[in-house]
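Remarks on the overall topology
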Amino acid sequence: AQSVTQPDIHITVSEGASLELRCNYSYGATPYLFWYVQSPGQGLQLLLKYFSGDTLVQGIKGFEAEFKRSQSSFNLRKPSVHWSDAAEYFCAVHNPGSYIPTFGRGTSLIVHP
Amino acid sequence: NAGVTQTPKFRVLKTGQSMTLLCAQDMNHEYMYWYRQDPGMGLRLIHYSVGEGTTAKGEVPDGYNVSRLKKQNFLLGLESAAPSQTSVYFCASSYQNTGELFFGEGSRLTVL
């Protein structure tokens with residue numbers, strides 16, 4: 001069975017600092033990979049996705065993620081964090097042979113002014 | 001284009017009462033999902049559907065029932081609510097089996 005690990009429950013950064021959120025997955029082949037963001041009181045919104053091809057993918061709001069097959073990782077990055085980026089971030093993987101995406105438990109991002 | 005709409009957004013129930021959460025999507029998506037979100041637990045799949053007239057159990061199906069009589073609607077029912085079902089419920093849909101989900105804004109349910 002596939003699984004997703006987001007090792008950091010909370011991350012605190014200062015506004016303007018760079019950000020990296022970690023995501024590791026367990027799956028035999030290359031799954032489809034996603035990052036979602038959830039603002040307080042809202043549903044999840046897709047930030048970016050990876051299906052195949054270029055391992056560095058660009059998303060909305062200035063985010064990017066890099067797929068590293070050798071490390072089974074799909075880490076999310078942003079060069080300069082804004083206060084409005086404070087939210088919960090979820091990594092998800094999907095096995096095309098299954099109907100069910102698997103989500104990590106989320107990382108809560110706190111941004112200090 | 002409303003996307004995925006959940007009703008109601010808030011509800012308070014007493015233990016033993018029943019209710020239905022409605023999820024409606026206007027994107028002609030085949031796949032629909034019901035999740036619950038609890039602090040520290042992430043998203044847990046309750047039930048899902050891969051097309052009109054189909055439903056299947058997810059990770060935490062006990063105490064819930066679902067129906068997908070129309071392609072655009074996915075209903076989640078609680079026949080006898082329990083305090084353990086206090087949670088935020090999210091509906092999501094997907095056009096193809098890619099795992100890319102479109103989420104509703106959530107329904108916050110409190111069972112007293």
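Model, not experiment: these values are computed from the prediction. (Residues numbered from 1 in each chain as written. Chains lettered and ligands numbered in written order. Predicted model: local features only at pLDDT ≥ 70, side-chain atom pairs only at ≥ 80, totals over all residues. Heavy atoms only, no water.)

**Structural notes on the overall build of chain A**
The helix and strand tally for chain A stands at 0 helices and 12 strands. Helices (α) and strands (β) of chain A occur, in sequence order from the N terminus, as β-β-β-β-β-β-β-β-β-β-β-β. The C-alpha radius of gyration of chain A comes to 13 Å, within 12% of the 13 Å expected for a compact globule of 113 residues. The C-alpha extent of chain A, read off along each of the three principal axes, is 45 × 30 × 20 Å. Carbon and sulfur atoms make up 49% of the accessible area of chain A, which totals about 5,400 Å². If the 8 positive side-chain charges of chain A are averaged to one point and the 8 negative ones to another, these points end up 6 Å apart. (Helix = DSSP H or I, 4+ residues; strand = E, 2+ residues; numbered from the N terminus. Rg over C-alpha atoms; globule rule 2.2 N^0.38 Å. Areas by Shrake-Rupley, 256 points an atom, 1.4 Å probe, with all protein chains shown as cover. Lys, Arg positive; Asp, Glu negative; His and termini not counted. Charge placed at Lys NZ, Arg CZ, Asp CG, Glu CD.)

**Some details on the packing of aromatic side chains**
All chains considered together, the criterion is met by 16 aromatic pairs over all chains. Where Tyr 36 of chain A meets Phe 103 of chain A, the ring centres are 5.6 Å apart and the plane angle is 40°; that geometry is what we call tilted. You can see Tyr 36 of chain A sitting in strand E5 (residues 32-38) and its partner Phe 103 of chain A sitting in strand E11 (residues 102-103), a full 67 residues away along the chain. Relative accessible area serves as the criterion here: at 10%, Phe 103 of chain A is assigned to the buried category. Here the aromatic rings of Phe 103 of chain A and Tyr 35 of chain B are separated by 5.6 Å at their centres, their planes lie at 80°, and the arrangement is edge-to-face. Of this pair, Phe 103 of chain A sits in strand E11 while Tyr 35 of chain B sits in strand E4 (residues 31-38), each in a different chain. Take Phe 103 of chain A and Tyr 35 of chain B: they sit in the same class, and that class is buried. (Phe/Tyr/Trp six-rings, centres within 6.5 Å; stacked < 30°, edge-to-face > 60°. Buried < 20%, exposed > 50% of the residue type's maximum accessible area, 1.4 Å probe, protein only.)

**Re the sheet that holds strand E8 (residues 73-78) of chain B**
Residue and element names in this part refer to chain B. An order of E1-E3-E8-E7 is seen for the 4 strands of this open sheet, with the pairing classed as antiparallel. Each having just a single partner strand, strand E1 (4-7) and strand E7 (65-67) make up the two edges of the open sheet. If you compare each strand with its neighbour and ignore which way they point, the axes differ by 20° on average. The pairing of E7 with E8 spans 3 bridges and is classified as antiparallel. Of the residues in E8, the one forming a bridge with Asn 65 is Gly 77. (Pairing = 2+ DSSP bridges. Axes fitted to C-alpha atoms, helices over the stretch in contact; angles between N-to-C directions.)

**Structural notes on the interface of chain A and chain B**
Contact with chain A, which involves 20 residues of that partner, is made by 20 residues of chain B. Carbon and sulfur atoms supply 58% of the area that chain A and chain B bury against each other, a total of about 1,700 Å² over both sides. One can count 1 salt bridge joining chain A with chain B. Glu 100 of chain B serves as the salt-bridge partner of Lys 49 of chain A, at 2.7 Å between the closest nitrogen and oxygen. At the junction of chain A and chain B, the tally comes to 9 residue pairs in polar contact (both at pLDDT 80 or more). Contributing elements (two or more residues each) for the side of chain A that touches chain B: E5, strand E6 (44-50) and strand E10 (87-94) of chain A. Examining the composition of the side of chain A that touches chain B, we find that 4 residues originate from one element, E5 of chain A, more than from any other. Per-class residue counts for the side of chain A that touches chain B are 12 nonpolar, 6 polar and 2 charged. (Contact = heavy atoms within 4.5 Å. Buried area = accessible area lost by both parts, 1.4 Å probe. Salt bridge = Lys/Arg side-chain N within 4 Å of Asp/Glu carboxyl O. Polar contact = N/O pair within 3.5 Å; in protein donor to acceptor, adjacent residues only side chain to side chain. Nonpolar A, V, L, I, M, F, W, Y, C, P; charged D, E, K, R; others polar.)

**Describing the environment of Gly 3 of chain B**
Residue and element names in this part refer to chain B. Here Gly 3 lies in the segment before E1. As a C-alpha pair, Gly 3 and Ala 24 span 21 residues in sequence and 8.2 Å in three-dimensional space. If we ignore the near neighbours within four places in the chain, the residues touching Gly 3 are Ala 24, Gln 25, Asp 26 and Met 27.

**Some remarks on the pairing of strand E9 (residues 73-78) of chain A**
With 5 of 6 residues buried, E9 of chain A lies mostly within the body of the structure. Remark: 4 residues form the turn of the hairpin made by strand E8 (residues 64-68) of chain A and E9 of chain A, two consecutive strands paired antiparallel; Ser 72 of chain A in that turn has positive phi of roughly 50°.

**Here we look at the state of the cysteines**
Applying the stated criterion to the full structure yields 2 disulfides over all chains. Disulfide pairing is shown between Cys 23 of chain A and Cys 91 of chain A; the S-S distance is 1.9 Å. On the sign convention where negative is left-handed, the bridge of Cys 23 of chain A and Cys 91 of chain A, at about -65° about the S-S bond, is left-handed. One end of the pair, Cys 23 of chain A, is in the loop between strand E3 (19-21) and strand E4 (24-26); the other, Cys 91 of chain A, is in strand E10, with 68 residues separating them in the sequence. By the burial criterion, Cys 23 of chain A is buried, and Cys 91 of chain A matches it. In this model, Cys 23 of chain B is linked to Cys 91 of chain B through a disulfide, with the two sulfur atoms separated by 1.9 Å. The sign of the -75° torsion about the S-S bond sets the Cys 23 of chain B-Cys 91 of chain B disulfide as left-handed. Taken together, the residues span a long stretch of sequence, with Cys 23 of chain B in strand E3 (residues 19-25) and Cys 91 of chain B in strand E9 (residues 87-94) at a distance of 68 residues. Each member of the pair, Cys 23 of chain B as well as Cys 91 of chain B, is classed as buried. (Disulfide = S-S within 2.5 Å.)

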